[in-house]
Amino acid sequence: MMNSISLNQQEEIVLTHLLHGLTAKEIGAGLSKSKRTIDRYSLRLNQVFDTKTRIGLIVQAIQYPKWYATLISTGNMKELALKPFLGARQIEVLNFLLAGRTNKEIAKLMFIDLRSVENTRRRIVDKWDLSNTAELVKISIATGYLKMNFEIETDE
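For clarity, every value in this text was computed on a predicted model and none was experimentally measured.

Analysis parameters
Residues numbered from 1 in each chain as written. Predicted model: local features only at pLDDT ≥ 70, side-chain atom pairs only at ≥ 80, totals over all residues. Heavy atoms only, no water. pLDDT = per-residue confidence, 0-100. Helix = DSSP H or I, 4+ residues; strand = E, 2+ residues; numbered from the N terminus. Contact = heavy atoms within 4.5 Å. Phe/Tyr/Trp six-rings, centres within 6.5 Å; stacked < 30°, edge-to-face > 60°. Buried < 20%, exposed > 50% of the residue type's maximum accessible area, 1.4 Å probe, protein only. Salt bridge = Lys/Arg side-chain N within 4 Å of Asp/Glu carboxyl O.

Participant: When you look at the confidence of the model for the protein chain in this model, what are you seeing that I'm missing?
Facilitator: Regions with low pLDDT carry predicted coordinates that are not meant to be interpreted in detail. Here the protein chain averages 79 in pLDDT, while 79% of its residues score no lower than 70. Model confidence for the protein chain, summarised as mean pLDDT per element, is weakest for helix α6 (residues 77–80) at 48 and strongest for helix α8 (residues 103–110) at 95. With pLDDT under 50 throughout, residues 76–81 is counted as low confidence; its partners more than four residues away or in other chains account for eleven contacts. Across residues 149–156 the pLDDT falls below 50, and counting only partners more than four positions away or on other chains, this stretch makes eight contacts in the model.

Participant: Just to check I follow, could you spell out the packing of aromatic side chains for this structure?
Facilitator: Two measures describe an aromatic ring pair: the distance that separates the ring centres and the angle between the ring planes. Applying the stated criterion across every chain yields a total of one aromatic pair. Residues F49 and Y64 carry aromatic rings whose centres are separated by 6.0 Å and whose planes lie at 70° to one another, so their mutual orientation is edge-to-face. You can see F49 sitting in the loop between α3 (35–48) and α4 (54–61) and its partner Y64 sitting in the loop between α4 and α5 (65–72), a full 15 residues away along the chain. Judged by relative accessible area, which is 5%, F49 ranks as buried.

Participant: Would you mind showing me how to read the pattern of salt bridges here?
Facilitator: Side-chain pairs of opposite charge can arise whenever the charged atoms involved come near each other. Going through the model one piece at a time under the given rule, you end up with six salt bridges. Notably, a salt bridge pairs D39 with K35, separated by 2.8 Å at the nearest N-O pair. Here D39 pairs with K35, and both are found in helix α3, just four residues apart, close to one helical turn. In this structure D39 comes out as partly exposed when scored by relative accessible area, which is 32%. Look at K35 and you get partly exposed, because its relative accessible area is 45%. For E118, the salt bridge identified is with R115, shortest N-O distance 3.1 Å. Separated by three residues within a single helix, E118 and R115 lie in helix α9 (residues 114–127), roughly one turn from each other. Residue classification places R115 among the exposed positions, given a relative accessible area of 54%.

Participant: I keep staring at unusual backbone geometry and nothing clicks. Help me out?
Facilitator: Most peptide bonds take the trans form, and the phi angle of most residues other than glycine is negative. For D50, which is not glycine, the phi torsion reads 55° and is therefore positive. Within the secondary structure layout, D50 lies in the loop between α3 and α4. The exposure class assigned to D50 is exposed, which follows from its relative accessible area of 70%. Even without being a glycine, F111 presents a positive backbone phi close to 55°. Residue position: F111 is located in the loop between α8 and α9. Classification of F111 as exposed rests on a relative accessible area of 76%.

Participant: Would you mind going over the environment of E135 with me for this structure?
Facilitator: Along the polypeptide, E135 turns up in helix α10 (residues 133–142). Between the C-alpha atoms of E135 and V125, which are ten residues apart in sequence, the distance is 8.8 Å.

Below, the structure written as structure tokens:
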């Protein structure tokens, strides 16, 4: 059972938009706030969910049924599951990304150049015809690269 988290209304709105794949600039424009303000909300969300990256934030947030439902409601999961297979290195990089590791950390762990990690990450996004990290997490769930394990609470 996961501990409950406490977010204010603005943080919930920003998290919902992040799960929908919007950038900080797009969220700011939609909410009439600066990108810097949205970045502050994102930083606070990273602290709440104890993560350092946007992918890590998304992966941690969707451990909660409410946020998981928000993520999967944003696209056709069946269509996403038909994406091409990844190579061994791409799978390894993807696993580290889904674990919330930064590109720099991945490079150290894999004993490869930072640029190689960035290129591999870009190739995954290109191969699956994605535009951002939120979509990368969605496709990872749909294809089984990331398994979700949580219990839905009932009112009994």
